[in-house]
Amino acid sequence: MENKITGHTRLVALFATPIRHSVSPMIHNTAFQALGIDAVYLAFEVGTAGLEQAIDSIKNLDMMGANLSMPNKILAVEYMDELSEAARLIGAVNTITNDQGKLTGHNTDGTGFMRSLKDIEVDIIGKKMTIIGAGGAATAIIVQAALDGVKEITVYNRKDDFYDKIKEKLAYISENTNCTITLNDLSDETSLAKDVAESALLLNATGVGMKPLQEQTPIQDFSIIRPDLAVCDVIYTPRETEFLKQARLRGAKTNNGLGMLLYQGAAAFEKWTGQEMPIEIVKPIIE
Ligand code: NAD
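Calculation rules
Residues numbered from 1 in each chain as written. Predicted model: local features only at pLDDT ≥ 70, side-chain atom pairs only at ≥ 80, totals over all residues. Heavy atoms only, no water. Core = buried A, V, L, I, M, F, W, Y, C linked by side-chain atoms within 4.5 Å. Buried < 20%, exposed > 50% of the residue type's maximum accessible area, 1.4 Å probe, protein only. Helix = DSSP H or I, 4+ residues; strand = E, 2+ residues; numbered from the N terminus. Contact = heavy atoms within 4.5 Å. Disulfide = S-S within 2.5 Å. Pairing = 2+ DSSP bridges. Axes fitted to C-alpha atoms, helices over the stretch in contact; angles between N-to-C directions.

Here we take up the nonpolar core. Core analysis: the largest hydrophobic core is formed by 38 residues, its most contacted members being M129, I131 and I153. Top element by residues in this core is helix α5 (residues 136-148). It accounts for seven residues. Apart from the residues within four sequence positions on either side, M129 is in contact with I124, I141, A145, V150, E152, I153, T154, S199, L201 and L203. If you look at the next biggest cluster of nonpolar residues, it comprises 24 residues, including A16, I19, Y263 and M277.

Moving on, we get to the state of the cysteines. The full count for this structure, using the stated rule, is zero disulfides. C232 provides the cysteine sulfur closest to C179, a residue in no disulfide bond, and the two sulfurs are 17 Å apart. Given a relative accessible area of 3%, C179 falls into the buried group. Judged by relative accessible area, which is 1%, C232 ranks as buried.

What follows deals with the sheet that holds strand β7 (residues 128-132). With parallel pairing, the six strands of this open sheet are ordered in space as β9-β8-β7-β10-β11-β12. In the strand order of this sheet, the two ends are held by β9 (180-185) and β12 (253-255), each with one partner. Averaged over all pairs of adjacent strands, the angle between their axes in this sheet comes to 15°, without regard to strand direction. For strand β11 (residues 230-233) and β12, the ladder comprises three bridges, and the chain directions are parallel. Pairing of A230 across the sheet is with K253, part of β12. Contacts between helix α4 (residues 109-119) and the sheet are confined to β10 (201-204), β11 and β12, with β10 contributing the most and set at about 130° to the helix. Together, β7, β8 (152-157), β9 and β10 form the strand contacts of helix α7 (residues 189-198), whose direction differs from that of β7 by roughly 140°.

See the structure below:
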């Protein structure tokens, strides 16, 4: 490949740990090259101890912006000059823009998920959805769905630390949007069946279905799946979890987490560059 790095080349950084497995550098560098944008995207092994200094360097080195992943998304909120509405409601930042030294924290995970629904021609605006999980991925999706106009969200989680921690937050999100949000115990299969019957979408936002839980499914009774229900998973390794497979066998439209991954990157790219990511060029490298 021709080396086009010059004295003008701008940097976008990813701060996370562990980080070497990330596909984000491939996604963004492919897009920069395809559009002739004079920028590079590099991954830096940064944890919470080094985060403040790393974020300072966005200003000091006049970087174009940054991405954050685990374990930095929540702590980064403290270091932002401004927050987008989604980042404020979620309480976590995955994308930073740098406007002449003013750092704004955004969260594009939820917009990534919402855009991925278009790929399977599913529209949940004004409707009800049921989501299993109440961690970071779930919270980002809940907030964006609520901001986008989903009418009601029923959240199911097992009774662990996440259950207790998310209760107040869901109430806060509900108060600040036009969305009714309720939290339920995942072991209550009767309520789950009733809520799924009223929902247009059922989503797994837990790690159940990927290593080391790849044999497991977040629900046990698949008779609640019907052909006009959309069923999604945030997991993309494997491409089809047992949960998605069982849903597909019952005729549901299904989608894995690859779209969410791709479109959260596309939304960040558009914030940094003001240009649309060339999805048709980038998508094949992660499939
Ligand atoms: P997290 O640790 O913040 O939350 C984990 C959630 O899973 C909690 O709700 C927890 O209660 C639940 N959970 C864990 N073990 C469980 C079990 N055995 N049974 C039932 N529930 C269980 O994690 P996260 O960051 O929200 O990530 C969750 C999943 O989302 C991971 O698989 C991650 O890879 C995936 N993810 C995908 C994308 C994407 O772009 N597609 C983005 C972020 C995260």
